[in-house]
Amino acid sequence: MMQSETSLAPFFTPTGVVVVGASQDPNKLGFGLARNLLQSGYRGAVHFVNPRGGTLLEQPVWESVAAVPDPADLAVILIPAPAVPAALSACGERGIRAAIIASGGFRETGAEGAALEQECLAVAHWYGMRLVGPNCIGFLDTHLPIDTTFLPPPGPTPGAVAFISHSGAICAAVIDWARGQGFGLSRLLSMGNQADVTETDVLAPVAADPYTRVITLYLEGVSDGRRFIEEARRVIEEKPIVALKVGRFASGQAAVASHTGALAGRESAYTAAFRRAGVLRATTSEELFDWARALAWCPLPQGRRVAVLTNAGGPGVTAVDALETHGLTLAELQPETEATLRAALPPAASVHNPVDMLAGASPQEYATCLRALLDDPGVDSILVVVPPPPMHTTGAVARALIPLIYAAQKPVVAAVMGERLIQEAVEHFRAAHVPEYRFPERAASALAVLVQRAEWLSRPRSHPRQPVEVDFVAAGELLAGTSGLVAPALLSKLLAHYGIRVPAEGVATSAGEAAALAKRIGFPVALKLLSPDIAHKSDVGGVLLNVHNAEEAAAGYTTLLRRAQEAAPQAAIDGVLVQEIVGDGQDVIVGAVRDPQFGPLLMFGSGGVEVEALRDVAFALAPITFREAEELLAETWAGRRLRGYRHVPPADQDAVLDAIHRLSQLVCDHAGLQEIEINPLRVLERGQGAIALDIRAVRTPS
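Residues numbered from 1 in each chain as written. Predicted model: local features only at pLDDT ≥ 70, side-chain atom pairs only at ≥ 80, totals over all residues. Heavy atoms only, no water.

> When you look at the overall build of the protein chain in this model, what are you seeing that I'm missing?
Secondary structure assignment for the protein chain yields 24 helices and 31 strands. Dimensions of the protein chain, computed from the C-alpha atoms along their principal axes, are close to 95 × 80 × 45 Å. Of all 702 residues assigned to the protein chain, the portion counted as buried reaches 57%. Taking the intrachain contacts of the protein chain between residues at least 6 apart in sequence as the baseline, contacts between residues at least 24 apart amount to 72%. Accessible area for the protein chain stands at about 28800 Å²; split by element, carbon and sulfur atoms hold 54% of it. Once the 57 positive and 74 negative side-chain charges of the protein chain are each reduced to a mean point, those two points are 1 Å apart. (Helix = DSSP H or I, 4+ residues; strand = E, 2+ residues; numbered from the N terminus. Buried < 20%, exposed > 50% of the residue type's maximum accessible area, 1.4 Å probe, protein only. Contact = heavy atoms within 4.5 Å. Areas by Shrake-Rupley, 256 points an atom, 1.4 Å probe, with all protein chains shown as cover. Lys, Arg positive; Asp, Glu negative; His and termini not counted. Charge placed at Lys NZ, Arg CZ, Asp CG, Glu CD.)

> Please explain the packing of aromatic side chains as it appears in this structure.
For any pair of aromatic rings, the description consists of the separation of the ring centres together with the inter-plane angle of the planes. Applying the stated criterion to the full structure yields nine aromatic pairs. Note on Phe-12 and Phe-139: the rings are 5.2 Å apart at their centroids and 85° apart in plane angle, and the pair reads as edge-to-face. In this pair, Phe-12 is assigned in helix 1 (residues 9-12) and Phe-139 in strand 8 (residues 139-141), connecting sequence segments 127 residues apart. Judged by relative accessible area, Phe-139 falls into the buried class, the value being 1%. Chaining the aromatic ring pairs together yields one cluster made of Phe-163, Trp-177, Phe-183 and Phe-289. (Phe/Tyr/Trp six-rings, centres within 6.5 Å; stacked < 30°, edge-to-face > 60°.)

> Explanation requested: the sheet that holds strand 24 (residues 543-547) in the structure shown.
Picture the strands of a sheet paired through backbone hydrogen bonds; they go either parallel or antiparallel. If you walk across this open sheet you meet the four strands as 22-25-23-24, and the pairing is antiparallel. Two strands in the sheet have a free side with no partner beyond their single neighbour: strand 22 (505-508) and strand 24. Across the sheet, the mean angle separating the axes of adjacent strands is 20° when strand polarity is ignored. Examined bridge by bridge, strand 23 (residues 525-530) and strand 25 (residues 575-580) share six bridges and lie antiparallel to one another. The residue bridging Lys-528 from the neighbouring strand is Leu-577, located in strand 25. On top of the sheet, helix 20 (residues 550-567) reaches strand 22, strand 23, strand 24 and strand 25; it is set at about 30° to strand 23, its chief contact. (Pairing = 2+ DSSP bridges. Axes fitted to C-alpha atoms, helices over the stretch in contact; angles between N-to-C directions.)

> It is not clear to me how the pairing of strand 25 should be interpreted in this structure. Could you clarify?
On a regular strand, one side chain projects to one face of the sheet and the next to the other, so that they alternate. Within strand 25, five of the six residues are buried, leaving the element largely enclosed by the surrounding structure. Examined bridge by bridge, strand 22 and strand 25 share four bridges and lie antiparallel to one another. Each residue of the ladder has a partner; that of Glu-505, found in strand 25, is Gln-579.

> It is not clear to me how the sheet that holds strand 8 should be interpreted in this structure. Could you clarify?
Here seven strands make up an open sheet; going across it, the order is 9-8-11-10-12-13-14 and the pairing mixed. A single partner strand is all that each edge strand has here, and the edge strands are strand 9 (146-147) and strand 14 (280-282). Across two bridges, the pairing between strand 8 and strand 9 is antiparallel. By the bridge assignment, Asp-141 is partnered in strand 9 with Ile-146.

> In this structure, what is going on with helix 6 (residues 199-207)? I would like to understand it.
Since the α-helix advances by 3.6 residues per turn, residues separated by three or four positions end up pointing in the same direction. Burial of helix 6 is extensive: eight of the nine residues sit out of reach of the surface. Among the residues of helix 6, Glu-199, Thr-200, Asp-201, Val-202, Leu-203, Pro-205, Val-206 and Ala-207 are the ones counted as buried.

> Looking at this structure, I do not really get helix 7 (residues 225-236). What am I missing?
The end-to-end C-alpha distance of helix 7, which contains 12 residues, comes to 16 Å, matching closely the 16 Å that a straight helix rising 1.5 Å per residue would cover. Three or more residues of helix 7 are buried, namely Gly-225, Phe-228, Ile-229, Glu-231, Ala-232, Val-235 and Ile-236. Contact partners of the buried residues in helix 7: helix 6, strand 12 (214-219), strand 13 (241-245), helix 9 (266-277), helix 16 (440-458) and strand 28 (617-621). (Expected span 1.5 Å × (residues − 1).)

> What am I meant to see in the pattern of salt bridges here?
Close approach of charged atoms allows side chains with opposite charge to pair. All chains considered together, the criterion is met by 28 salt bridges. The salt bridge partner of Asp-658 is Arg-465, with a shortest N-O separation of 2.8 Å. In this pair, Asp-658 is assigned in helix 24 (residues 653-669) and Arg-465 in the loop between helix 16 and helix 17 (472-479), connecting sequence segments 193 residues apart. Residue class for Asp-658 comes out partly exposed when judged on its relative accessible area of 23%. Note that Arg-696 is salt-bridged to Asp-694, the shortest N-O span being 3.8 Å. Taken together, the shared-partner salt bridges connect Glu-286, Asp-290, Arg-293, Arg-430, Glu-436, Arg-438 and Arg-442 into one network. (Salt bridge = Lys/Arg side-chain N within 4 Å of Asp/Glu carboxyl O.)

> Is there a simple way to think about the side chain of Lys-245 in this case?
For Lys-245, the position within the fold is in strand 13. By relative accessible area, Lys-245 is classed as buried at 1%. Here Glu-267 takes part through its side chain, which lies 3.0 Å from a polar atom of the side chain of Lys-245. Ignoring anything within four residues of it in the chain, the contact list for Lys-245 reads Leu-219, Glu-220, Gly-221, Arg-266, Glu-267, Tyr-270, Phe-274 and Arg-281. (Polar contact = N/O pair within 3.5 Å; in protein donor to acceptor, adjacent residues only side chain to side chain.)

> Even after reading the chapter, I still don't get the pairing of strand 31 (residues 695-699), so can you show me in this structure?
In terms of residue burial, strand 31 counts as a mostly covered element, since five of its five residues are buried. Covered by surrounding structure in strand 31 are Ile-695, Ala-697 and Arg-699 together with Arg-696 and Val-698, the residues of both alternating faces. Note that strand 21 (residues 484-485) and strand 31 share two bridges and pair antiparallel. Among the inter-strand pairings, Leu-485 is bridged to a residue of strand 31, identified as Val-698. Direction of pairing for strand 29 (residues 673-683) relative to strand 31: antiparallel, over a ladder of five bridges. Residue pairing across strands places Glu-677 opposite Arg-696, the latter belonging to strand 31.

What follows is the structure, encoded as structure tokens:
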């Protein structure tokens, strides 16, 4: 049954919490859960349930859920897994419509546990109950406040960063690490096995929390890829989402019939999905929270121009390298700014960006220079580098800078370099919510993510173009009854239906037919082996180019069949494709593969036989938008080269964008196509178009 979003309210704002499995034994998790709930300061009703009864932490322990008084709208269950279905039934009878199953021993343990999990889900559906878990840590909110976890104290300090995690084990580490790093959490939610409530379900309720400014995700996957994109995109209009997707190097779907299938693993799909939704993808746990702090505490910049302020040349150069690595640029300071800096600093100081105040820089000089940089209209953000000054304390530098940073409308982050000598500065910056990092590289990364967020919010919305007119019935009939590798002749007709140009061609089943077809098409021609059992013809020498006359065509037919017999004697041979040779141009690859989570995934990049070695490819979800198609070209050397490079003349970029859009529609229209690839797509000079020279596709009956 479809559950409504409002039914999640008891998880986040319960009026009464029932702890099923509360324990009087301080060594049991049930005791830790009860302790945390009481010590959190939760102001609603708290009910402990254990068949033994008695008291716990000066609270009565009820012998059954049925005996619990009102109010009670959330149950937290921490008992042996086999007893959980009965406990859920008791909660359902009591009228409780939300439950967190903290117990382990379910799907993560094997088939028996999976059956038990399904039993729990069936009970929940029967009573219209929503479940978080099983095999999870639970939920906490530092502002409500409430803590339904059994994690060791102390809990997190109140803050602005929400954390949603598929892993329960990481939650305790994150809480302790966050306290040590000086930032607080607003909400923490451990999802466990996600038998019912998923990470997508909780995005909107977590974002609705007024104390949450940034949502961080620790993901092992998503339950419904397209729905996740839709929900995340709505949330991101108001609050940023930063995700760490783990398991990046797990093998993807077993697709090997095309280069697209070989290159488009699970992570390509996640990257494309996150990009479409606007989710900021971190690559490390440290980066996840480095970015979150900056997003929670800093205003957004107006552009990519950064000023660097330091008292040491080496760290300044390191900062510049890091900024450029992340796609940021050094701001060009106004003459008035440089004059102010020159008046405030010794003659040997550098007043050009990066600004090097020299080792003896005082706290007052740091403040004067920062004020000048903040006032410069050509500066969008500032990275302050603070190695321990030899004549002053880093704490004094921090105290001088904080009032300016607090009042600034531009983001300022600090790279406070060192360990023991910088602790005073670190504490001051953290108390003032100024993002500080140990090294310039991390600070530059944080500034870059602020730029990404700002550019996402300001970008004009892009939509898929109007679909091309297609005889859908006729196109479908071409594929009807096909399975596995689709015959190239059918694919050429299919692409023609969608307005993608293909060369003149025909299929020969004898040497004589090859000669006759070649004469009709016009020389020179290409000959290509046709076999459903040979995906890559070039691997077996199955392609002959520049065949100039009928005799060569007949001989070439015989040669291709002999090569096929030698390389793959068991392969079925359907004949030889005789094809028009298209004029010179640039070769690219355009393909699509169907991802099990996110649906059709488009690929664009450098074409030819070395595509997998070059890996100059980029991905986007279908249906593709105008902006996404342009970004595919901008991200790859193949796309940038279309504008012309040295001796390579410009090619028809518009024709490539048109082919990408048409292939996007084609793969969306035909659900049975698991892979389709044009390699190469020959791109002619501007205004001359692009032609699909070689096509392969894999279809499963839909």
